[in-house]
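So you can see what is in the structure, the chains are spelled out below.
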Amino acid sequence: MFPSTPRLTSIAQFETTFGLYPVQILSLLDYRCDCDDVFFTGSIIEGFGNRLSDIDVLIVTDHPRSHIIKLIPGTTRWVDVVYISREKLVAFSDSLPDLPLGFSDWEKARPASFQALEMLHDYTHGLRVTNPWQSNSTLLHDDVKSKIARSWALSNIISARARWHDASGAYLDGHYMQSQYIRSICLGHCIDAYTGLLGETDINVKWRWSKLERISREGKDIFQLRDKFTKSRDLESFSWSEVASIFFDVITLFVENAQYSYITPQSEGNRFEITNNRWVLVDVNGFSHEVPAPAQQLNQVK
């Protein structure tokens, strides 16, 4: 079983779930109550934590300090504190790629850095402890959550495409075990892009299966990916055609009104390339076959 419960959204839920009061944690922190915003974040807020999980804290301030880690007296939990300036947080938000993106833009697009995505996710999804009546989006534009989701998905789709290409090359050179391993990495990126688009934008891959479990429980698993992994979560056990199918399902979720006929590789080593508004199927003999590209207009994930 994988941990997968709803996110904590109130201080009362936090106190009931963990038997801790925010003041026990705030008393350990170096912060200014008159101007700093304090958020509890990480796995215990996400609903993925356990009895030994740290309590991650994000402090948004005009006077950043050094990263600190402290043990909560009388417990086995540590507090892991990160400071970030308001100016840097806004800069991270501005670094998210403009939307919508067309296929022809993929090779030019530079998704936001992992640090930017992590900080923005923690700010927008964390549990605000100081001034809890304020919105978590005070500093940022209203569409920042959608942009985080699409930027995280884009990062993974680009990585999945690159790993697919690598896996195909390894197969063609007779490196079958290496090919199988790289193909599993491609599949992992597909899953992370999929759950990200559906609102699970915590970028920590250790929660991959927990995020998939939760979107399934919430009725969001429109491609029933969780069912595909019921028997095995060994990503190397999936075939080329299964990975290709999942890869294209994720792309069609990223693209609005995507219309195409499913093309399944008939033999090991077939690969798909997506460049310049076209999809190209390249078979094991090196022959290419153009596939109609889906529509250009992209969804805005809410």
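As shown above, the structure is provided for reference.
Everything in this summary refers to the structure shown in the same document. On a predicted model such as this, the values are computed, not experimentally measured, just so you know.

About the cut-offs
Residues numbered from 1 in each chain as written. Predicted model: local features only at pLDDT ≥ 70, side-chain atom pairs only at ≥ 80, totals over all residues. Heavy atoms only, no water. Pairing = 2+ DSSP bridges. Helix = DSSP H or I, 4+ residues; strand = E, 2+ residues; numbered from the N terminus. Contact = heavy atoms within 4.5 Å. Axes fitted to C-alpha atoms, helices over the stretch in contact; angles between N-to-C directions. Salt bridge = Lys/Arg side-chain N within 4 Å of Asp/Glu carboxyl O. Buried < 20%, exposed > 50% of the residue type's maximum accessible area, 1.4 Å probe, protein only. 1 Å grid on protein atoms, 1.4 Å probe; cavity = no way out; pocket = protein on both sides within 12 Å on 5 of 7 lines; lining within 4 Å. Points joined across faces, edges and corners; volume = space filled by probe spheres on them. Nonpolar A, V, L, I, M, F, W, Y, C, P; charged D, E, K, R; others polar. Core = buried A, V, L, I, M, F, W, Y, C linked by side-chain atoms within 4.5 Å.

Take the sheet that holds strand 2 (residues 55–61) next. Spatially, 3-4-2-1-5 is the arrangement adopted by the five strands of the open sheet, whose pairing is mixed. Bordering the open sheet on either side are strand 3 (68–71) and strand 5 (127–128), each of which pairs with just one other strand. For strand 1 (residues 37–41) and strand 2, the ladder comprises five bridges, and the chain directions are antiparallel. In the sheet register, Thr41 faces strand 2, and the bridge partner there is Asp56. This element, helix 4 (residues 86–94), spans strand 1, strand 2 and strand 4 (78–85) of the sheet and lies at about 80 degrees to strand 4. Those strands touched by helix 5 (residues 114–125) are strand 1, strand 2, strand 4 and strand 5, and its axis lies near 95 degrees from that of strand 2.

Counting across every chain of the model gives 14 salt bridges. Here Arg7 ties to Glu200 by a salt bridge, and the two come within 3.4 Å at their closest N and O atoms. Remark: Glu200 occurs in the loop between helix 7 (176–197) and helix 8 (208–217) and Arg7 occurs in the segment before helix 1 (11–18); sequence separation between them is 193 residues. Here Asp37 and Arg86 are joined by a salt bridge, their closest N and O atoms 3.5 Å apart. One end of the pair, Asp37, is in strand 1; the other, Arg86, is in helix 4, with 49 residues separating them in the sequence. Assigned by exposure class, Asp37 and Arg86 land together as buried.

Roughly 370 Å³ of internal volume is contained in the largest pocket. Those elements that provide at least two residues to the lining of the largest pocket are strand 2, strand 4 and helix 5. The biggest single contributor to the lining of the largest pocket is helix 5, with four residues. Considering only residue class, the lining of the largest pocket consists of six nonpolar, five polar and six charged.

With that out of the way, let us pick up the nonpolar core. Ranked by internal contacts, the top residues of the largest apolar core, which has 33 residues, are Leu187, Tyr194 and Phe229. Those elements that place two or more of their residues in this core are helix 6 (144–172), helix 7, helix 8 and helix 10 (240–254). At ten residues, the largest contribution of residues to this core is made by helix 10. Discounting residues that sit within four places of it in the chain, Leu187 has contacts with Phe229, Leu235, Phe238, Val243 and Ile246. Grouped together as the second largest cluster of nonpolar side chains are 21 residues, Ile44, Ile55, Val81 and Val129 included.

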